[in-house]
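Overview (structure and organization)
The lines below spell out each chain.
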Amino acid sequence: MKLDDINFDAKHIWHPYTSMTKPIPAYPIVRASGVELELADGRKLIDGMASWWAVIHGYNHPVLNQAATQQLKKMSHIMFGGITHPSATALCRQLIDITDDKLECIFLADSGSVAVEVALKMSLQYWQARGEARHQFIALQRGYHGDTFGAMSVCDPENSMHSLYHGYLPKNFFVQAPQCGFYQQWQAATLLPLQKLLTKKAEKIAAIIVEPIVQGAGGMRIYHPNYLTAVRELCDHYNILLIADEIATGFGRTGKLFAYQYSAITPDILCLGKALTGGYVTLSATLTSRHIADTISKGKAGCFMHGPTFMGNPLACAIADANITLLRNSPWQKWVKDIETQLMDELFPLRDQEKVTDVRVLGAIGVVEMKNSVNVPELQRNFVAEGVWIRPFGKLIYLMPPYIITAPQLTKLTQAIKKIVIKL
Ligand SMILES: *Cc1c(COP(=O)(O)O)cnc(C)c1O
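Residues numbered from 1 in each chain as written. Predicted model: local features only at pLDDT ≥ 70, side-chain atom pairs only at ≥ 80, totals over all residues. Heavy atoms only, no water.

What about the layout of surface pockets?
In this model, the second largest pocket occupies a volume close to 850 Å³. As for the second largest pocket, its lining consists of 31 residues, of which His15, Pro16, Tyr27, Trp389 and Arg391 are closest to the centre. Elements supplying a minimum of two residues to the lining of the second largest pocket: helix H1 (3–12), strand E1 (29–33) and helix H2 (50–53). Ranked by residues supplied to the lining of the second largest pocket, first place goes to H1 with 3 residues. Looking at the lining of the second largest pocket residue by residue, the classes come out as 22 nonpolar, 6 polar and 3 charged. (1 Å grid on protein atoms, 1.4 Å probe; cavity = no way out; pocket = protein on both sides within 12 Å on 5 of 7 lines; lining within 4 Å. Points joined across faces, edges and corners; volume = space filled by probe spheres on them. Helix = DSSP H or I, 4+ residues; strand = E, 2+ residues; numbered from the N terminus. Nonpolar A, V, L, I, M, F, W, Y, C, P; charged D, E, K, R; others polar.)

As structure tokens, then:
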């Protein structure tokens, strides 16, 4: 990539959450393989981000490449209206197989945010079909569910800048983020804010939406499984649907195939994305029960009112199907456990650093929370100089590497964090 291209990018192309007038530098990556990203100048970086939770098996994986090229030779895309194809059925069979028995009806969409929109719409249509006026949702503070409007309306009101879209966003209810950490002794008082809200508002609520166990982009918080169990009980008690957004946590990242399994609950609606295709192409899935699907179908519209152009895209489905097979045939539990152990060994000592407030680890997720917000462009420059790709946000420096990372590669990531945190 020439300098000219990099300047063109800075001038004309938006990147996630960036200014067009003062963009932060974008590094030119020309290829990636395994857990290494290759810069235009030939330098290689160890990837600590898995391209935001997605690339669980590493880049340029022969099995996924093969699934993509085989599907390309058949058809890259075909409309899903009135047509089906073998890659969609194969993928959906697997999704039903690996998730809870009750989840057996699947809606395929293009991205995580759309999967959340679909989940919210399913909940609203479900209650409409039952003749109940339930038009609002309960979400957790510090939650993140995507950037489209419905999804944004259930994101943390401050992190997602609800004030920017004031007057347009639907108004939902928020309860304090779970205060009891994953490894702490369970404290039932953590539930009080939710219990209190429900005693007042339950009959207006269509669903409660949560990220099971790990709140991702809203703060990388890891909470106690009993909280999720209790949310399920409260949903049952008040007859409210439970939406589990596992777009970040799904497919083994936390040490369970799905994080809701830490609490042995069944969500009514489950959203999947990110690692669904091993990070190859965008695809998401929203799963629900036969009861909910049937109820929606008996409603006024007689159908579920959503149908994206690229629904069930064969290329994406073929890769996702191969990705799940690859995962199921791999020793992913051991990989994730080994990463967890190593992250604990190598990151926990940073708790002694004055500028560090907390270090958290679960599965293949390691988080160093600083006292103050970090200078992202500066840290990124320092990390690249160390030969690693780590992208902090706010006060958080965190790792969620591909599961295939080796111990020395992971050490390189944790050493880079250590070196830079000590200097801050
Ligand atoms: C990333 C994410 C989304 C949004 O997915 P996109 O594919 O970026 O639209 C929704 N929920 C959670 C928990 C996520 O981590």
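This is not the end of the story, as more comes after the structure.
A word on the packing of helix H11 (residues 332–347) against helix H13 (residues 407–423)
Packing of H11 against H13 brings their axes to within 10 Å, and their N-to-C directions diverge by 30 degrees. In terms of their interaxial angle, H11 and H13 are classed as roughly parallel. In this structure, the crossing between H11 and H13 has a hand that is right-handed. When H11 is examined against H13, the residues Ile339, Gln342, Leu343, Glu346 and Leu347 are found in contact with a partner set consisting of Ala407, Leu410, Thr411, Thr414, Ile417 and Lys418. Here the residues of the contact of H11 with H13 sort into 6 nonpolar, 3 polar and 2 charged. (Axes fitted to C-alpha atoms, helices over the stretch in contact; angles between N-to-C directions. Parallel < 35°, antiparallel > 145°, perpendicular 65-115°, else oblique. Left-handed = near helix turned anticlockwise from the far one by under 90°. Contact = heavy atoms within 4.5 Å.)

Things to note about the pairing of strand E16 (residues 396–399)
Here E16 shows no split at all, with Leu396 and Tyr398 on one side and Ile397 and Leu399 on the other all buried. Pairing between strand E14 (residues 365–370) and E16: 4 bridges, direction antiparallel. The residue bridging Glu369 from the neighbouring strand is Leu396, located in E16. (Buried < 20%, exposed > 50% of the residue type's maximum accessible area, 1.4 Å probe, protein only. Pairing = 2+ DSSP bridges.)

What about the domain arrangement of the chain?
For the chain, the assigned domains read domain 1 (3–57 + 331–423) and domain 2 (64–328). Here the C-alpha centroids of domain 1 and domain 2 sit 26 Å apart. Taken together, the contacts link 25 residues of domain 1 with 30 residues of domain 2. Between domain 1 and domain 2, the buried area comes to about 2,300 Å², and carbon and sulfur atoms account for 67% of it. Its largest share of buried area at the contact with domain 2, domain 1 owes to Trp53, Trp332 and Leu362, together 35% of the area lost on that side. (Domains from an automatic or database assignment. Buried area = accessible area lost by both parts, 1.4 Å probe.)

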